[in-house]
Amino acid sequence: MFNELTKSDIKKIQDEIDYRKLVVRKEAIDAVKEARAHGDLSENFEYYAAKKDKNKNESRIRYLERMIKTAKVIEDSSEDDVIGMNNTVELYFEEDDLTETYRIVTTVRENVLKGLISIESPLGKAIIGHRVNDRIHIQVNDKYGYDVVIKSITNTAEDENDRIRGF
């Protein structure tokens, strides 16, 4: 399976890889050396903690490199009146008589608590390509679905708060 990423996502991931290789890796190696110098390794908690941090960093680097290697690059622009990547949309949920605002992003940046929904989520898949005042049925599973009406679409520029999801 591949991740759909924008060129901006790939740049952010590459920046994180570079930072982890040039800064975090050096700090982790130094921490392991310092902890090893404390003597007996069999009862040296600092040594095991430093090794764990170093391995976690190396694992994250491999994960991010694999993500870039297997990525499908997608376009992050759309027409002004059509929902696409990085658009902020205001949706009216008919069933709940509620209006909510979401931003459409790639799966690696999604954060529902901050209003960032993935293009691969049921809601994201359903609304992509639609226009203001379109009424769309979102089928969540075989037994449940709901209707939304698109109230507005705003082209949104990425900001520095957009972060690649961690693990």
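In what follows, the structure referred to is the one given above.
Computed from a prediction, not measured in an experiment: that's the story for all the values here.

Details of the environment of L22
In step 1: As for its placement among the helices and strands, L22 is situated in helix α1 (residues 7-36).
In step 2: L22 gets classed as exposed once you look at its relative accessible area, which sits at 64%.
In step 3: In the structure, L22 is positioned 15 residues away from A37 in sequence and 23 Å away in space, judged by C-alpha atoms.

Some points on unusual backbone geometry
In step 1: In this structure, D97 is a non-glycine residue whose phi angle is positive, near 50 degrees.
In step 2: Looking at the element boundaries, D97 is found in the loop between β3 (87-93) and β4 (98-105).
In step 3: Unusually for a residue other than glycine, N133 sits at a positive phi of about 75 degrees.
In step 4: Tracing the chain through its elements places N133 in the loop between α3 (122-127) and β6 (135-139).
In step 5: Owing to a relative accessible area of 58%, N133 belongs among the exposed residues under this scheme.

Digging into the packing of aromatic side chains
Centre-to-centre distance and the angle between the planes together describe a pair of aromatic rings.
In step 1: Tallied over the entire structure, the rule returns four aromatic pairs.
In step 2: Here F93 and Y102 contribute two aromatic rings whose centre-to-centre distance is 6.3 Å and whose plane-to-plane angle is 75 degrees, an arrangement assigned as edge-to-face. Grouping residues by exposure puts F93 and Y102 together as buried.
In step 3: Here the aromatic rings of Y144 and Y146 are separated by 6.0 Å at their centres, their planes lie at 35 degrees, and the arrangement is tilted.
In step 4: Stacked on the ring of Y92, the Lys or Arg K151 has its end atom at 5.4 Å from the ring centre.

Rules used in this analysis
Residues numbered from 1 in each chain as written. Predicted model: local features only at pLDDT ≥ 70, side-chain atom pairs only at ≥ 80, totals over all residues. Heavy atoms only, no water. Helix = DSSP H or I, 4+ residues; strand = E, 2+ residues; numbered from the N terminus. Buried < 20%, exposed > 50% of the residue type's maximum accessible area, 1.4 Å probe, protein only. Phe/Tyr/Trp six-rings, centres within 6.5 Å; stacked < 30°, edge-to-face > 60°. Lys NZ or Arg CZ within 6 Å of the ring centre and 35° of its normal.

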